[in-house]
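# Remarks on the overall topology
Chain by chain, the residues run as shown.
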Amino acid sequence: MATVIRDAQAADLEAIMSIEQECFTSDAWSIETMNSELLAPHTHYLVAIVDDSIVGYAGSSQLPGASQADIQTIAVKPNQRGSGIGKALMVALTQEAKRNGAKEIFLEVRADNTVAQKLYKLFGFKQIGLRKHYYQPDGVDAFVMKTALIDDVVLEPLVLGIETSCDETGIGIVRGNTLLSNVISSSMDLHARFGGVVPEVAARAHLEALSPVLEQALREAGVSLEQLDAIAVTNGPGLAGALMVGVGAAKALAVATGKPIYAVNHLVGHVGADILDQGKLTVPTIALLVSGGHTSLLLVRDLLNDVQLLGETIDDAAGEAFDKVARVLGLAYPGGPEIDRAALGGNPAAVRFPRGLTLPKDMAEHRYDFSFSGLKTAVARHVELAESRGEALAIADVAASFREAVVDVLVSKAIAACLDHEIPRLLLGGGVIANARLREVAIAKCAASGIELRIPPLSLCTDNGAMIAILGSQLVQSGYAPSTLDFSADSTLPVTTIQS
Ligand code: KG4
Ligand code: ZN
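Now for a look at the structure at hand. Since the structure is predicted, the reported quantities are computational estimates derived from the model, not experimental observations.

Cut-offs and rules
- Residues numbered from 1 in each chain as written.
- Chains lettered and ligands numbered in written order.
- Predicted model: local features only at pLDDT ≥ 70, side-chain atom pairs only at ≥ 80, totals over all residues.
- Heavy atoms only, no water.
- Phe/Tyr/Trp six-rings, centres within 6.5 Å; stacked < 30°, edge-to-face > 60°.
- Buried < 20%, exposed > 50% of the residue type's maximum accessible area, 1.4 Å probe, protein only.
- Lys NZ or Arg CZ within 6 Å of the ring centre and 35° of its normal.
- Near = heavy atom within 4 Å.
- Polar contact = N/O pair within 3.5 Å; in protein donor to acceptor, adjacent residues only side chain to side chain.
- Areas by Shrake-Rupley, 256 points an atom, 1.4 Å probe, with all protein chains shown as cover.
- Helix = DSSP H or I, 4+ residues; strand = E, 2+ residues; numbered from the N terminus.
- Nonpolar A, V, L, I, M, F, W, Y, C, P; charged D, E, K, R; others polar.
- Donors = N, O, S within 2.8 Å, 3.2 Å for Na, K, Ca; no water.
- Tetrahedral: all angles 85-135°; square planar, octahedral: opposite > 155°, others 65-115°.
- Pairing = 2+ DSSP bridges.
- Axes fitted to C-alpha atoms, helices over the stretch in contact; angles between N-to-C directions.
- Contact = heavy atoms within 4.5 Å.

## A look at the packing of aromatic side chains
Taken as a whole and assessed by the stated rule, the structure comprises four aromatic pairs. Centroid distance Phe370 to Phe372: 6.3 Å. Interplanar angle 10°. Geometry classified as stacked. Here Phe370 and Phe372 have matching classes, each one buried. Above the plane of the ring of Phe487 lies Lys251, whose end atom (NZ or CZ) is 4.7 Å from the centre.

In structure tokens, the structure reads:
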């Protein structure tokens, strides 16, 4: 479960006090002391939240302009320890001190609190002094510890991302929000003769591709594994066997190098890809993700905290529909580009193919969901009918009409989501974005509705490791604790689970 770190507010006092008492029993601060520290202008208090409840807090103080900060306290509920929450709080406090110009951080810790000392040592703290009988009433000594802040490893983390959820083995490396390398090896050709991705073939291809792709990504970025600050990996959703290869590789790398690991959601990675292009993501935004594996409409209020699934396909994915219809029309795989080519000069209004889940009775229950299997069947019927009548098939017209039906539904539902939620922003992602007609219609309809449209470059829209690296980098920059190694590949990971 992901940990969220945010600034403490006066309303958090009660929850903080209950943890204070649980953690420090005999020398817990009084509620008055805690309250005045929380509200003091020179202090900075944070709370850690898991499952909507406060499970830890930490505070530091730093006078304006001072190059020294002091960590005053840090506490994590005993039943939540060991999952990186203390570390996440420390990362956030350290970042804040750096932002305020601190060059050194000091703290005092009970001589008998070895758990806390271990955490501080992880952050480079060394003992520089001893205060005898400092803690009352039990007279325990205090160790005085100090760390010097070296320039930014955490604010501009070097993160490697591994993506193997479908047929692309992708490894990307970013520093902060900057793309350093993005290497992809696709097993698409191996699937061509089957007319769709074969999971076992994809998993095997990932195994073979990972090592060379990793080497190339490091070489192109000009970095070594030892320099990384973190490793991010897609752990779902996707093909189970394919995901497992990436997850296994990422864990092995993390253990071998001692680097923290972040298990992240593939779909949220697609949204994060915009940061690689723009340097930032403007939220809230609606996102339409269309590929061979997914057709999802998302409402993103916060990339790391608040992503909702508005709707998705109830049968085939949009790309899959292109692939299947291409087959019906005797075209090659992948079908998207083939249909685009075949549709050249065709009349998109020649055949009125059905628009799935757009009738009033469907819109009540499936306003933002998609269905393409009826459309696929309608194209197949159309082809059969022409054959049975001995008529020549007007391929360009059929391809153009089919494409129009897909594009029409995708764009109308995405725009409806923007208007319904009063969010004048739409982000596109996934391999189907390569479709020229889709881009054209989206641009025109968004402009007509006053919606700002974002289309990252295609190399960032198709599955890639850089989008996973950038999502990992956001988590590190925001002080999220790494995932613990017990996460696993989850082929049906919900989009609300941004980090596992
Ligand atoms: O995101 P992506 O590269 O990978 C996976 O889904 O794994 O998307 C590939 C899908 C395929 O189904 C392909 O047919 C579709 O994107 N696609 C297109 C076009 N180019 C690729 N669909 C429509 N029009 C295109 N020009
Ligand atoms: Zn994808």
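## Quick notes on the site of ligand 1
Near ligand 1 there are 21 residues, and of these Gly292, Asp323, Asp340, Gly431 and Asn435 occur at the shortest range. At a separation of 2.9 Å, a nitrogen atom of ligand 1 approaches a polar side-chain atom of Asp340. In isolation ligand 1 exposes 550 Å². Once the protein is present, 92% of that is buried. Among the elements of the structure, helix H9 (318–328) and helix H10 (335–342) are those that each provide at least two residues to the shell around ligand 1. With four residues, the single largest contributor to the shell around ligand 1 is H10. Class assignment of the residues belonging to the shell around ligand 1 gives a composition of six nonpolar, 10 polar and five charged.

## As for the coordination of the zinc ion (ligand 2)
Note on the zinc ion (ligand 2): its protein donors are His266 (NE2), His270 (NE2), His294 (NE2) and Asp463 (OD). The metal-donor distances range over 2.1 to 2.4 Å. Around the zinc ion (ligand 2) sit four donor atoms, and with donor-metal-donor angles ranging over 90 to 159° the site reads as irregular. Judged by relative accessible area, which is 2%, His270 ranks as buried.

## Describing the sheet that holds strand E12 (residues 261–265)
In spatial order, the strands read E10-E9-E8-E11-E12; together these five strands make up an open sheet with mixed pairing. Looking along the sheet, the strands with just one partner apiece sit at the ends: strand E10 (178–186) and E12. Across the sheet, the axes of successive neighbouring strands diverge by a mean angle of 20°, strand direction being ignored. Sheet topology note: the strand E11 (residues 230–236)/E12 ladder contains five bridges and is parallel. Looking at E12, one finds that Gly236 is bridged to Asn265. Running at roughly 160° to E11, helix H7 (residues 240–257) makes contact with strand E8 (158–163), E11 and E12 of the sheet. Relative to E8, helix H16 (residues 466–477) is tilted by about 135°, and along the sheet it contacts E8, strand E9 (168–175), E10, E11 and E12.

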